[in-house]
Amino acid sequence: MTLRFSLALLCCALYFFSSGQTNKNLPDVSLENLSGESISIVSQIQPEGPTIISFWATWCKPCILELSEMHDLYEDWKDETNVKIIAVSIDDSRSSNKVKAFANGRGWDFDILLDKNSDLKRALNINNVPYTLIIDPSGEIVYERNGYIPGDEEIVYQRLLNQ
Amino acid sequence: MKLLFSVAFTLLLLGVADAQNTSGLGTISGGFQSDIQLYRNDKKINANAPDEKIATNNYLKLDYSYKTFEAGIRYEAYLPALLGYPEELSGTGIVNRYASYQNDVLKVTAGNYYTQFGSGLVLRAYEERSLGIDNSLDGIKVEISPIAGVDLTGVYGTQREFFNKSDGIVRGLDGNFFVNDIFQIENIPNIQLGASAVSRFQQYTGPDGYKENIQAYSFRMGITTDKIDLSSEYIEKDVDPTIANNYNNLRKGRSLLVNAGYSLKGFGVNVTMRRLENMDFRSEREAENNSLWVNYLPAETRQHGYALSNIYPYGAQSLGEVGGQMSLTYNIKKKSALGGKYGTNIYLNYSHFKSLKNNVNPALSLEDFNTNLFEAGDSTYYEDFSIEIKRKINRKWILTGSYIQQEYNKNQIEGVPVENVKAKIGVLESFIKLPNRRSLRTEIQHLWTKQDNQNWFAFLAEYNVAPYWSFFLLDQYNYGADKQPNYYQVGYAYSKSATRISMSYGRQRGGIICVGGVCRFVPAASGLTASITTSF
């Protein structure tokens, strides 16, 4: 019984998995900037080029590895693909106060937004971080990545070149 | 019957999901997560397989959106729940459904919703699956932004209690005011003011005259410039006899949170102080453990990333604690004598939490024992010092060294009457990029302590093949303990676009696991674990 049900759910998941990428738009959710003001995520999507949204947290080691790699590449990427990177922190009130010092201390140039109660994460049905998306100027999600494996940034770069 | 329903439901979802290909009718999106464990008996680590050898937690969410309208449902199935989850999480059902409408000024949500006022000390409805927590409110939420710089929220609802609802009703109002936006002033620091009022109603028919309405208020202020952040929040809450204080509460609840940060490129420092006093706030007097919290009291300590530094985690003491945390990040410049060719990053963190001044349960004392809000008592609940130095040696190799020192009041946190555990932990982590998008990450960890279960040694190796595969091997060896258990684990993860599938085999250490400083106890377990997450 348990097993059969699990299999049914698994099939369900595989069905969606196999059906491939769907045309999904970025939902409009309010986040906070580092001054505490509400900012609509859709208003942050740039019309001039692709936008990367990378979900992270100060306690998530693979997230920090991914953002550190992208930090090293960001200047080149901006020149070549006109990309803008938004790092959305899902730190809740335990650690959201530390985000600004944490990001500045590492010299990160990304736009940083706070998703303190996981509203955007939930709207996008993201289960865990890191999670990275590329949004085209029309607001459509053209690339999604669940997790981070070192080297993924090269694939992200290829996708940016194809935009 | 259940099976029939499940299959029918799955088919329905598939049918609905197909509709997303039809344009003009709105879009459907969703997410799915399934965690499966196969248990076996393992005497060496005191792991007893339950009667049901297979346990599985499943979550399926579907959202529909059409222009400014949105609706969704979430279905959960615990068949049965994984070991360590609350036993009330058993069976299947639709646990969340909502519909919302929004325009530029207004957003209205009916059904289940999540929300947070201020830092959450007065109200936070949230979901944390890994702990089995979902205290979403079921009712109505209205958010209005009448003019630039003003955000108002009103909520009314009952909290989710596993597959049921709480007996209590939660009502709340919240306002945030951005002074610079309201008066359109620039060139001065950003000033933010906020206030909330939250009330819980629960009927009372007993002889002791407990109040049915419990009120709590929050007042907030924040000042921000490019470099400086100052913020504070003060909470006051009515006298509230509940099971948490043995129905013997005579004092109001109070909390003060103060945060100060300063940062510029390459340097950041942040200091937080917090006092909690009678801040256990639930939507039912009888609620225990992690259920029906109205507010959110995270541990104001560092959330560590290594296996051994998470053996002694802190959980906030809602009845009374006082303390603070400091963290500092410094980037030594590239191409400097100390920084090396690629730069070096230093991270320091210190936190210390103690009992309140008179060192007795504040719930039981009537005297006005403390006038200074940050004056501490004698008993240390938790102390944590850590330093982490990360250096990029060359283009392919990053080395990270950490030293962590902790003091853990096991008596206060777990209720085990022993002396405080003092632990020292050392970690050396190496990350090497290999050709063809491969990489190897290794960790060597050691924990020294004379108390509790004594010393631990841990080793982790993770081999990654981008973009799809990751393999790992983790061993935690408690060589100081009587039984000298060896917690080995091997596993892999496969991920492609929005989907991740992982599987591992081995032993899981029993103990307290914490996410965001909220903790639950999990028993030791042995066997096979599989997990799939996807969104569509």
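### Here we look at the overall build of chain B
Move 1: Summing up its helical and strand segments, chain B has three helices and 31 strands in all.
Move 2: Against the 2.2 N^0.38 benchmark of 24 Å for 536 residues, chain B shows a C-alpha radius of gyration of 25 Å, consistent with a compact globule.
Move 3: If one aligns the C-alpha atoms of chain B with their principal axes, the spans along those axes are about 60 × 60 × 55 Å.
Move 4: Expressed as a percentage of the 536 residues in chain B, the buried residues total 53%.
Move 5: In chain B, the share of contacts with a sequence separation of at least 24, taken over all contacts with a separation of at least 6, comes to 57%.

### Some remarks on the pairing of strand β4 (residues 91–102) of chain B
Residues and elements named next belong to chain B.
Move 1: Pairing between strand β3 (residues 69–78) and β4: 10 bridges, direction antiparallel. Directly across from Glu76, in β4, lies its bridge partner Gly93.
Move 2: As defined by bridge partners, β4 adjoins strand β5 (residues 106–113) across five bridges and the pair is classed as antiparallel. Pairing of Tyr98 across the sheet is with Gly111, part of β5.
Move 3: Here β4 folds back onto β5 in antiparallel fashion, the turn holding three residues.

### Side note on the interface of chain B and chain A
In many reports, interface size means the accessible area that the parts give up when they come together.
Move 1: Chain B puts 100 residues into the contact, and the matching count from chain A is 60 residues.
Move 2: Roughly 6,800 Å² is buried in total at the junction of chain B and chain A, and carbon and sulfur atoms are behind 54% of that figure.
Move 3: Here B:Asp229 makes a salt bridge to A:Lys100, at a shortest N to O gap of 3.3 Å.
Move 4: No other element matches the seven residues that helix α1 (residues 2–18) of chain B contributes to the side of chain B that touches chain A.
Move 5: Within the side of chain B that touches chain A, the residues separate by chemical class into 33 nonpolar, 43 polar and 24 charged.

### Focus: the environment of A:Tyr74
Residue and element names in this part refer to chain A.
Move 1: Secondary-structure assignment places Tyr74 in helix α2 (residues 61–81).
Move 2: Considering only alpha carbons, one finds Tyr74 and Ile85, 11 residues apart in sequence, at a separation of 8.2 Å.
Move 3: For Tyr74, the residues in contact, after removing those within four places along its chain, are Val83, Lys84, Ile85, Asp109 and Phe110.
Move 4: A distance of 2.9 Å separates a polar side-chain atom of Tyr74 from the backbone nitrogen of Ile85.

### What about the packing of aromatic side chains?
Move 1: What the rule picks out here adds up to 24 aromatic pairs over all chains.
Move 2: Geometrically, the ring pair formed by A:Phe102 and B:Tyr347 is edge-to-face, given 6.0 Å between the ring centres and 70° between the ring planes. Note that A:Phe102 is positioned in helix α3 (residues 99–105) and B:Tyr347 in strand β20 (residues 344–356), a pairing that runs across two chains.
Move 3: Considering the side-chain rings of B:Tyr78 and B:Phe163, the 6.0 Å spacing of their centres and the 80° angle between planes classify their relative orientation as edge-to-face. Taken as a pair, B:Tyr78 in strand β3 and B:Phe163 in the loop between β11 (150–161) and β12 (164–165) lie far apart in primary sequence, 85 residues in all.
Move 4: By relative accessible area, B:Phe163 is classed as partly exposed at 26%.
Move 5: Members of the aromatic cluster, each reached through a chain of ring pairs, are A:Trp56, A:Tyr74, A:Phe102, A:Trp108, A:Phe110 and B:Tyr347.
Move 6: Looking at A:Arg106, its charged tip hangs above the ring of A:Phe102, at a distance of 3.8 Å from the centre.
Move 7: Directly above the ring of B:Tyr126 sits B:Arg124, whose terminal nitrogen or CZ lies 4.1 Å from the centroid.

### Focus: a nonpolar patch on the surface
All names here are of chain B.
Move 1: On the surface, Leu38, Leu428, Ile444, Phe457, Phe459, Leu473, Tyr479, Val490, Met503, Tyr505 and Leu528 cluster together into a nonpolar patch covering about 870 Å² of accessible area.
Move 2: Contributions of two or more residues to the nonpolar patch are made by β25 (456–465) and β28 (499–508).
Move 3: Along the chain, Tyr505 falls in strand β28.

### With respect to unusual backbone geometry
Move 1: A:Pro130 follows A:Val129 through a cis peptide bond whose omega is -5°.
Move 2: The step from B:Leu79 to B:Pro80 runs through a cis peptide bond, and the omega angle for that step is -20°.
Move 3: Among the structural elements, B:Pro80 can be located in the loop between β3 and β4.
Move 4: A positive phi angle, near 60°, is found at B:Lys335, a position not held by glycine.

### Let's talk about the nonpolar core
As a rule of thumb, nonpolar side chains are buried together in soluble globular proteins.
Residues and elements named next belong to chain A.
Move 1: Grouped together as the largest cluster of nonpolar side chains are 48 residues, with contacts concentrated most on Ile41, Ile52, Ile53, Phe55, Trp56 and Trp108.
Move 2: Mapped by element, the contributors of at least two residues to this core are β4 (51–56), α2, β5 (84–89), α3, β6 (111–114), β7 (131–135), β8 (140–146) and α5 (152–161).
Move 3: Among the elements that line this core, the one with the most residues is α2, at six residues.
Move 4: Not counting chain neighbours up to four residues away, the residues in contact with Ile41 comprise Leu26, Pro27, Asp28, Val29, Leu31, Ile53, Ile86, Leu113 and Leu120.

### What about the confidence of the model for chain A?
Residue and element names in this part refer to chain A.
Move 1: When pLDDT is averaged along chain A, the result is 88; 86% of the residues meet or exceed 70.
Move 2: When the elements of chain A are averaged for pLDDT, helix α1 (residues 2–18) gives the smallest value, 53, and β5 the largest, 98.
Move 3: Confidence drops under a pLDDT of 50 for residues 17–21, and excluding neighbours within four residues, the segment shows seven contacts in the predicted structure.

### Overview of the confidence of the model for chain B
All names here are of chain B.
Move 1: Chain-level pLDDT for chain B is 90 on average; 92% of the residues reach the 70-or-more range.
Move 2: Scored below 50 in pLDDT, residues 1–5 makes six contacts in the model with residues more than four places away or belonging to other chains.
Move 3: Model confidence for the complex is summarised by a pTM of 0.92, with the ipTM given as 0.91.

### Some words on the side chain of A:Asp91
Residues and elements named next belong to chain A.
Move 1: Relative to the assigned elements, Asp91 resides in the loop between β5 and α3.
Move 2: One polar contact links Asp91 to Thr58, side chain to side chain, over a distance of 2.6 Å.
Move 3: A polar contact is formed between the side chain of Asp91 and the side chain of Ser95, at a distance of 2.6 Å.
Move 4: Setting aside anything within four residues of it in sequence, one finds Asp91 in contact with Trp56, Ala57, Thr58, Trp59, Ser96, Val99, Asp115 and Lys116.

### Re a positive patch on the surface
Move 1: Taken together, B:Lys334, B:Lys335, B:Lys341, B:Arg395 and B:Lys396 make up a surface patch of like positive charges.
Move 2: Structurally, B:Lys396 can be placed in the loop between β21 (376–394) and β22 (397–408).

### Regarding the pattern of salt bridges
Move 1: Following the criterion strictly, the structure yields 41 salt bridges over all chains and no others.
Move 2: A salt bridge links A:Asp119 to A:Arg122; its shortest N-O distance comes to 3.3 Å. In this pair, A:Asp119 and A:Arg122 are both assigned in helix α4 (residues 119–123), three residues apart and thus about one turn of the helix distant.
Move 3: Looking at A:Asp119, the relative accessible area reads 29%, which means it is partly exposed.
Move 4: Residue class for A:Arg122 comes out buried when judged on its relative accessible area of 17%.
Move 5: Through salt bridges with shared partners, a single ionic network connects B:Arg74, B:Glu76, B:Glu127, B:Arg129, B:Asp134 and B:Arg160.

Conventions and cut-offs
- Residues numbered from 1 in each chain as written.
- Chains lettered and ligands numbered in written order.
- Predicted model: local features only at pLDDT ≥ 70, side-chain atom pairs only at ≥ 80, totals over all residues.
- Heavy atoms only, no water.
- Helix = DSSP H or I, 4+ residues; strand = E, 2+ residues; numbered from the N terminus.
- Rg over C-alpha atoms; globule rule 2.2 N^0.38 Å.
- Buried < 20%, exposed > 50% of the residue type's maximum accessible area, 1.4 Å probe, protein only.
- Contact = heavy atoms within 4.5 Å.
- Pairing = 2+ DSSP bridges.
- Buried area = accessible area lost by both parts, 1.4 Å probe.
- Salt bridge = Lys/Arg side-chain N within 4 Å of Asp/Glu carboxyl O.
- Nonpolar A, V, L, I, M, F, W, Y, C, P; charged D, E, K, R; others polar.
- Polar contact = N/O pair within 3.5 Å; in protein donor to acceptor, adjacent residues only side chain to side chain.
- Phe/Tyr/Trp six-rings, centres within 6.5 Å; stacked < 30°, edge-to-face > 60°.
- Lys NZ or Arg CZ within 6 Å of the ring centre and 35° of its normal.
- Patch = residues over 30% accessible without salt bridge, like charges linked within 9 Å, V, L, I, M, F, W, Y side chains within 5 Å.
- Areas by Shrake-Rupley, 256 points an atom, 1.4 Å probe, with all protein chains shown as cover.
- Core = buried A, V, L, I, M, F, W, Y, C linked by side-chain atoms within 4.5 Å.
- pLDDT = per-residue confidence, 0-100.
- Lys, Arg positive; Asp, Glu negative; His and termini not counted.
- Charge placed at Lys NZ, Arg CZ, Asp CG, Glu CD.

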